[in-house]
Every structure is written in structure tokens, then in C-alpha cells.
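Listed below are the residues making up each chain.
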Amino acid sequence: MAARPYVLLSCATSIDGYIDDATEQRLLLSNEEDLARIDAVRAGCDAILVGAGTVRRDDPRLVIRSERLRAAREARGLPPSPVKVTLTARGELDPAARFFTVGDADRIVYCASPAVEKTAELLDGLATVVDAGDPLDPARALADLAGRGVGRLMVEGGGTVHAQFLTAGLADELHLVVAPFFVGDPRAPRFVGDGAFPWHPGRRARLAEVRQIGDVVLVRYALSERCTEG
């Protein structure tokens, strides 16, 4: 595979491993102190990636919230917020979503080959649409991002996208935040589903850091030799 960006996965879960509940309202798993940490991690990346399902369900803005962090990026000759990236198999995206309408960052949509043409027409002028193969291949998207100068990528979910990167061995680091409550609803989505993961009882991920942040806990795992402690 061609050189790829450093890939950092970020996720918050309940104690029992859920990333949301089964209601229409988004479940808040983090706290303000941790959200500030996430903002700083985002500011240190060249691009932020979420799946199309997350764009539809959560309508994220994916911009740096802190004025200080935006100014620091600009002082380094960077845009205020990282490039926005999404993956879609069917091209079912709303052009009015905040992913496309909020902020001045470049937007890239990696699309499965059969849906490229209709997605490009749907998002005309709003994003760069790139053919990522059939089926959609995250490794192909990473190679393309590397060619566009992206050296550090933050992947924020959802569960399907996290599973794709993890099972393919395309992750270097995982930030897992655990909230102090249970969801306990099998209808709700979990962090990842079943799959053949490179990390198992015979090959344990390396623990790089554990940190209490208010009432949540950050567990940072090193998933490749590219990840350093501290």
C-alpha cells in the first residue's frame, strides 16, 4: 500500500460499550473538559473523517471550536480547521448538512464506484468526490489523502467506520473515553461490531496512557509502532 497518514481513532462510550442510545436525541457521553481536549486533538490533525451515517445522524460541524486553537493553526500557515472527510457507499448525503455548509475547510467525499457520478452531481461545488473502489476501500482513501498532503488523520466514527479501519489494520492510535453510566439497550449502536481484529488475546494492544478527565476516563492505546507514549 502507498504511504498513508497517521490514523488516530477517537470514540466515547458508555461503561457497557455503547456510543449512543436508541432515542432520536444525541447521547452526550463526554464532558466539557474532554470536549476541549478533543478540540485540541482535532487542531493537531490535517483532516477529520466520519462516516456518512454519522453525517446523517449527528449532523456534525467538524470545525475547531476554540478561537485560540484556530488562530494558532493560522499562525502556522494552516486553515482554521482541518479538511473534512467522509466515506459513503451509496452517496446518500444531504447537501444542506453542516458537514458541507459550516466552515471554510476543504471537504472530500470518498465514494464507492457505482455511486460516484450521482454523488458528484448531488454535491456539485460543495465537495471533492473521489472514487474509492467497489466495495469502498479505506486504504485507497488513505493513499489518496496522503497524496493530498494529509499527514495526520483523526477518525471520529461511527462504529462501522471504526470497525473498517481496525479490522484492516489501518489504525495507529485509539483514544477511548468511557462515560460513567450504562445504556443497556440492544437497539443502540456499540463502538464496533463483530470482526477479525488484529488485536486479540494473543496480540494485545499496548496501553499508552490512562487519564481521568472529570467524570470520564481516557484510555489511549498504541495500535502500531508509529504511536509513541506521552
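Residues numbered from 1 in each chain as written. Predicted model: local features only at pLDDT ≥ 70, side-chain atom pairs only at ≥ 80, totals over all residues. Heavy atoms only, no water.

A look at the layout of surface pockets
- Each pocket or cavity is described by its volume, and for the largest pocket that value is around 920 Å³.
- Taken together, 35 residues form the lining of the largest pocket, with Arg 26, Leu 35, Ile 38, Arg 42 and Glu 156 sitting closest to its centre.
- Elements with a minimum of two residues in the lining of the largest pocket: strand S1 (6-13), helix H1 (32-43), helix H2 (52-58) and helix H7 (159-167).
- Considering each element in turn, the lining of the largest pocket owes the most residues, six residues, to H1.
- Class assignment for the residues of the lining of the largest pocket results in 14 nonpolar, eight polar and 13 charged. (1 Å grid on protein atoms, 1.4 Å probe; cavity = no way out; pocket = protein on both sides within 12 Å on 5 of 7 lines; lining within 4 Å. Points joined across faces, edges and corners; volume = space filled by probe spheres on them. Helix = DSSP H or I, 4+ residues; strand = E, 2+ residues; numbered from the N terminus. Nonpolar A, V, L, I, M, F, W, Y, C, P; charged D, E, K, R; others polar.)

A few points about the pattern of salt bridges
- Scanning the model with the defined rule gives 13 salt bridges in all.
- For Arg 90, the salt bridge identified is with Glu 92, shortest N-O distance 3.2 Å.
- Between Asp 131 and Arg 140 there is a salt bridge, and its shortest N-O distance comes to 3.9 Å.
- Given a relative accessible area of 42%, Arg 140 falls into the partly exposed group.
- By sharing partners, the salt bridges in this structure join Glu 173, Glu 209, Arg 211 and Arg 220 into a single network. (Salt bridge = Lys/Arg side-chain N within 4 Å of Asp/Glu carboxyl O. Buried < 20%, exposed > 50% of the residue type's maximum accessible area, 1.4 Å probe, protein only.)

Here's the deal with the state of the cysteines
- In this structure the tally under the stated criterion is zero disulfides.
- Cys 227 carries a free sulfur, and the closest cysteine sulfur to it, the one in Cys 45, is 12 Å from it.
- For Cys 227, a relative accessible area of 2% translates into the label buried. (Disulfide = S-S within 2.5 Å.)

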